[in-house]
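Read off the chains here:
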Amino acid sequence: MFDKLLTVESRYEELMARVGTAEVQADPSEFRKAAKTLSELEPLVEKFREYKIVEQDIAGAQELAKGSDAEMRELAEEELKTLTPRRETLLQELKVLLIPKDPNDEKNVILEVRAGTGGDEAALFAGDLFRMYTRYAERQGWRLDVMSSSDTGGGGLKEAIVSIEGRGVYSRLKYESGVHRVQRVPATEASGRIHTSTATVAVLPEAEEVDVKIDEKDLKVDTYRSSGAGGQHVNTTDSAVRITHLPTGVIVACQDERSQIKNRAKAMKILRSRILEAERERQMASEAANRKSQVGSGDRSEKIRTYNFPQDRVTDHRIGLTKHNLPAIMDGNLDDIIDALRAHDQAELLKAQAGM
């Protein structure tokens, strides 16, 4: 482990020196690449350097503790009581930082929310989830772009697809894929009976053109007239676009923009991400041991969480976590839940590494 840390530190120092050269600074692409690598290595290198300082301080305190001066011995022993647990904490943090990163963690995402079973109540819940993620994204300072939406009126959503851009978006939202269940009394329920409804969330790492090569001849593109709210422009031009990827059968439709070109660009963005996700799921299925070490599989059919309104609680079934203050959670206060899921995931990955 320490050999690896020394190698990383050496690489970091070489890159720091290289970034300062005229050759790299004259090449924007090379400079961005080096700067990105430095920013990825920096947390690990800083933690390792802090660990080495604590190690030196412990060695110094241990020497003083062996001395003949009783007062200095006492001071050294007190210092060791603080330094020793600090060293253990840093060691654990280094182990976490050494866990191989998910290559998609820094990617932007395509987040899809769809009403599941439960009729109108399911559509209302899908709308609530969509607002919850929108509020969370706003709190993080991320940028949102609604790619496609289909509402049912009265605040309900049949489906919504949004692009979310920002630092580490996928690393935070990747645990949200799956079936979300709500238990509450609908506003239309006169008898006060609790209903159970569901909505499905899919979080896809956004695919760049370099990630997924799509041949034009593999696409079937249909244009049609938009429907729904939109003023005079609706139903007057064929601005809506539906793209079918023939090899996989993936179909994406977009009609939110007034321009056919913009709708096509959005549809292609979603299509690339869905194809990349399908490939990722195939790879994960073939890596059974790796899949077991993760918090759930991200499978859209997996029931991951229950929102119980009468009891003011949210339960994440994957890690047995229960949180109260449901109104705050529905307003986008998701950090406690996401942090717990990430911590569990890291602990499982550390266990898997230790067993190798």
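The sections below set out a description of the structure shown in this document. Numbers given for residues are sequential positions, taken from 1 along each chain in its written order. The predicted origin of the model limits local features to residues at a pLDDT of at least 70 and limits the giving and counting of side-chain atom pairs to 80 or more, whereas totals for whole chains, interfaces and linings rest on all residues. Side-chain calculation: all heavy atoms of the structure are included, whereas hydrogens and water are not.

We count a stretch as a helix when DSSP gives it H or I for four or more residues in a row; a strand needs E for two or more, and each element gets its number in order from the N terminus. Mapped onto the secondary structure, E9 falls in helix α1 (residues 2-19). The contact criterion used throughout is that any non-hydrogen atoms of two residues lie within 4.5 Å. The residues contacting E9, other than those within four sequence positions of it, are V45, F48, R49 and K52.

Quick look at the environment of L91 now. Secondary-structure assignment places L91 in helix α4 (residues 70-97). In this scheme, a residue with accessible area under 20% of its type's maximum is buried, one over 50% is exposed, and one in between is partly exposed, where area comes from a 1.4 Å probe on protein chains only. Its relative accessible area of 15% is what places L91 among the buried residues. Between the C-alpha atom of L91 and that of K47, which follows or precedes it by 44 residues, the distance is 9.0 Å. Those residues within four positions of L91 in sequence are excluded, and the remaining contacts are M1, F2 and Y51.

Time to look at a nonpolar patch on the surface. Taken together, the side chains of L64, M72 and L75 present a nonpolar region at the surface, about 250 Å² in accessible area. Its location among the elements puts M72 in helix α4. For M72, a relative accessible area of 34% corresponds to the partly exposed category. Patch membership requires over 30% relative accessible area and the absence of a salt bridge. Like charges are linked within 9 Å, and nonpolar side chains (Val, Leu, Ile, Met, Phe, Trp, Tyr) within 5 Å. Note that accessible areas follow from Shrake-Rupley with a 1.4 Å probe, and for residues the cover is restricted to the protein chains shown. A pair is scored as a salt bridge if a Lys or Arg side-chain nitrogen falls within 4 Å of a carboxyl oxygen belonging to Asp or Glu.

Every axis corresponds to a line fitted to the C-alpha atoms, with the helix fit spanning only the stretch in contact, and the corresponding angles, defined between N-to-C directions, vary from 0 to 180 degrees. Packing of helix α3 (residues 28-65) against α4 leaves a shortest axis separation of 8 Å and a crossing angle of 155 degrees. Put simply, α3 runs roughly antiparallel to α4. Relative to α4, the crossing made by α3 is left-handed. The classification used treats Ala, Val, Leu, Ile, Met, Phe, Trp, Tyr, Cys and Pro as nonpolar, Asp, Glu, Lys and Arg as charged, and all other residues, Gly among them, as polar. Of the residues assigned to the contact of α3 with α4, the class counts are 17 nonpolar, two polar and ten charged. An angle below 35 degrees is treated as roughly parallel, one above 145 as roughly antiparallel, one from 65 to 115 as roughly perpendicular, and anything else as oblique. For a crossing to be left-handed, the near helix must be turned anticlockwise from the far one by less than a right angle; the clockwise case is right-handed.

By themselves these figures say nothing about function.
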